[in-house]
Amino acid sequence: MRHICVLGSTGSIGVSTLDVIRAHPHLFKVESLTAHSNIELLAKQCEEFKPKMVVLGSADVANRLNALLKTMGLNISVEHGAEALVTASTLTSVDTVMAAIVGAAGLLPTIEAAKLGKRILLANKEALVMAGDIFMSAVASSGAELLPIDSEHNAIYQCLPDANTSNGGSRGKYASLGVKEILLTASGGPFRNHSLDQLKEVTPDQACAHPNWVMGRKISVDSATMMNKGLEVIEAHHLFGLPSEQIKVLIHPQSVVHSMVRYIDGSVIAQLGQPDMKTPIAYGLGWPLRIDAGVKELDFATAHDLSFEPVDLQRFPCLSLSYQALAVGGLSPTILNAANEVAVDAFLNHRIRFTQIAELVERVLDQTQVIGAMSLEGILEADKTARQHAQLMVKGLNI
Ligand code: NDP
Ligand code: MG
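Residues numbered from 1 in each chain as written. Chains lettered and ligands numbered in written order. Predicted model: local features only at pLDDT ≥ 70, side-chain atom pairs only at ≥ 80, totals over all residues. Heavy atoms only, no water.

**A short note on the sheet that holds strand β3 (residues 53-56)**
- Taken in spatial order, the 7 strands of this open sheet run β4-β3-β2-β1-β5-β6-β7, and their pairing is parallel. With partners counted over all chains shown, the strands left at the sheet margins are β4 (77-80) and β7 (146-148), one partner each. With direction set aside, neighbouring strand axes in the sheet form an average angle of 25 degrees.
- Its contacts with the sheet place helix α3 (residues 59-71) against β3 and β4, and it is angled at close to 170 degrees to β4.
- The sheet contacts of helix α12 (residues 278-286) involve β1 (2-7), β2 (28-34), β5 (96-99), β6 (119-122) and β7, and relative to β6 the element is tilted by about 175 degrees. (Pairing = 2+ DSSP bridges. Helix = DSSP H or I, 4+ residues; strand = E, 2+ residues; numbered from the N terminus. Axes fitted to C-alpha atoms, helices over the stretch in contact; angles between N-to-C directions. Contact = heavy atoms within 4.5 Å.)

Structure below.
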């Protein structure tokens, strides 16, 4: 039996994780759950899964949940704040952590669990973009098992040779095993065929209506700008130890081929599935065994039209910005991620236009000089500085 902490249990990935866990009560026991403010859903999850401990974002919501749990006759420890997130992910009884908090807030509880050698199921790609080298070294030195949950990286993981080596020790070995490059597929999002002029006018609700996937609002906007794919290029670089020239992006509107690996002998190996995160989540939870994900099977009787096309970088500049940040290295990916989080939030709150997300990220990258050490503290400091710059720029851009 595996003992699980779900960081971000009330989000899209968190809820899907609990769906898979619910279907296998003999395999999994939930030890801790965390959310930011959604006490109604967290209370329901407490009633069903009876964790030892739950964490919320502030004292106010934690007190309200505590009162609610008392009326339900549940005796569960309710804590709040960043340190409590780390407590939840590092409980001695926890052996597996689903990292599904959105954004930079997920970094510390995930990396601290990795340092203790727990199995990490990584959905929170921002943690790896911000602090990839440090994160991967923590995984390598503790021997933690790191399983990618992001569907593309999970697909690549399944298509690589010797996927049994599930920790950072495998970095850099793929070239010697005949891997030529990895091909990340991208649906192209809801605005794949929009002109630049049309992109200027799109609304947050249109950006969040993804054609194939149901996801949280931040990643939905990232998919629409294709920053999501840019973050995924950086994520793939860290996970698989490949240079950016060996990480390519292809538009594949049907989201059936989740990604591919090209080998030097001409073979290309792909992983196919429904666009449903329960498949990679079940893969991570069950690894090294396969478990039922409760997902509808792909039906090859109803003909599938699988098509692929190149990305138009003019209309989707966020992808180029990510490749650039990766090439510059150092703290650039941290700054890119911080600026993007602020820009997406401003767009979702109708403070900037869709096309200004990329403009803002580019300006913050150009204008933020942070000469920090590549330590966790240096990274958190660069994240803070970049957010402050981005927030000032949002004020200047207000529409
Ligand atoms: P959601 O927005 O649906 O959920 C986010 C979760 O994190 C919620 O539980 C939320 O709590 C909690 N949360 C939000 N802000 C904070 C904070 N500051 N501190 C602590 N907890 C917080 O996101 P998704 O589930 O869509 O995405 C989660 C992660 O997984 C992201 O990094 C995303 O990039 C990645 N991912 C998601 C995919 C998807 O299909 N959704 C696919 C691949 C990767 P509350 O509900 O209370 O606000
Ligand atoms: Mg993805």
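**A look at a nonpolar patch on the surface**
- Together, L272, F300, L306 and F308 line one region of the surface with nonpolar side chains, adding up to about 360 Å² of accessible area.
- With respect to the helices, strands and loops of the structure, L306 is situated in the loop between α12 and α13 (317-328).
- The partly exposed category is assigned to L306, whose relative accessible area is 33%. (Patch = residues over 30% accessible without salt bridge, like charges linked within 9 Å, V, L, I, M, F, W, Y side chains within 5 Å. Areas by Shrake-Rupley, 256 points an atom, 1.4 Å probe, with all protein chains shown as cover. Salt bridge = Lys/Arg side-chain N within 4 Å of Asp/Glu carboxyl O. Buried < 20%, exposed > 50% of the residue type's maximum accessible area, 1.4 Å probe, protein only.)

**Brief notes about the domain arrangement of the protein**
- Per the domain assignment, the segments of the protein are domain 1 (2-148), domain 2 (152-194 + 208-273 + 288-313) and domain 3 (330-398).
- Computed from C-alpha atoms alone, the centre-to-centre distance between domain 1 and domain 2 is 25 Å.
- Contacts between the two partners involve 22 residues from domain 1 and, on the opposite side, 25 residues from domain 2.
- Carbon and sulfur atoms make up 67% of the surface buried where domain 1 meets domain 2, a total of about 1800 Å² over both sides.
- Of all residues in domain 1, the largest losses of buried area upon contact with domain 2 belong to K125, M136 and P148, amounting jointly to 34% of the total for that side.
- Counting across the interface, domain 1 meets domain 2 through 2 salt bridges.
- The interface formed by domain 1 and domain 2 includes 6 residue pairs in polar contact (both at pLDDT 80 or more).
- Broken down by secondary-structure element, the contributors of at least two residues to the side of domain 1 that touches domain 2 are α1 (12-22), α6 (125-142) and β7.
- Of all the elements, α6 adds the most residues to the side of domain 1 that touches domain 2, at 9 residues.
- By residue class, the composition of the side of domain 1 that touches domain 2 is 13 nonpolar, 4 polar and 5 charged. (Domains from an automatic or database assignment. Buried area = accessible area lost by both parts, 1.4 Å probe. Polar contact = N/O pair within 3.5 Å; in protein donor to acceptor, adjacent residues only side chain to side chain. Nonpolar A, V, L, I, M, F, W, Y, C, P; charged D, E, K, R; others polar.)

**Let's talk about the site of ligand 1**
- In the neighbourhood of ligand 1, 23 residues make up the surrounding shell, with T10, H36, S37, N38 and E126 lying closest.
- At a separation of 3.1 Å, an oxygen atom of ligand 1 approaches a polar backbone atom of G11.
- Separating an oxygen atom of ligand 1 from a backbone N or O atom of S12 is a distance of 2.9 Å.
- If ligand 1 stood free it would expose 890 Å²; the protein chains cover 85% of that surface.
- Elements with a minimum of two residues in the shell around ligand 1: α1 and α6.
- Residue composition of the shell around ligand 1, by class: 10 nonpolar, 10 polar and 3 charged.
- Counting the residues that make up the shell around ligand 1, at least three belong to each of domain 1 (2-148) and domain 2 (152-194 + 208-273 + 288-313). (Near = heavy atom within 4 Å.)

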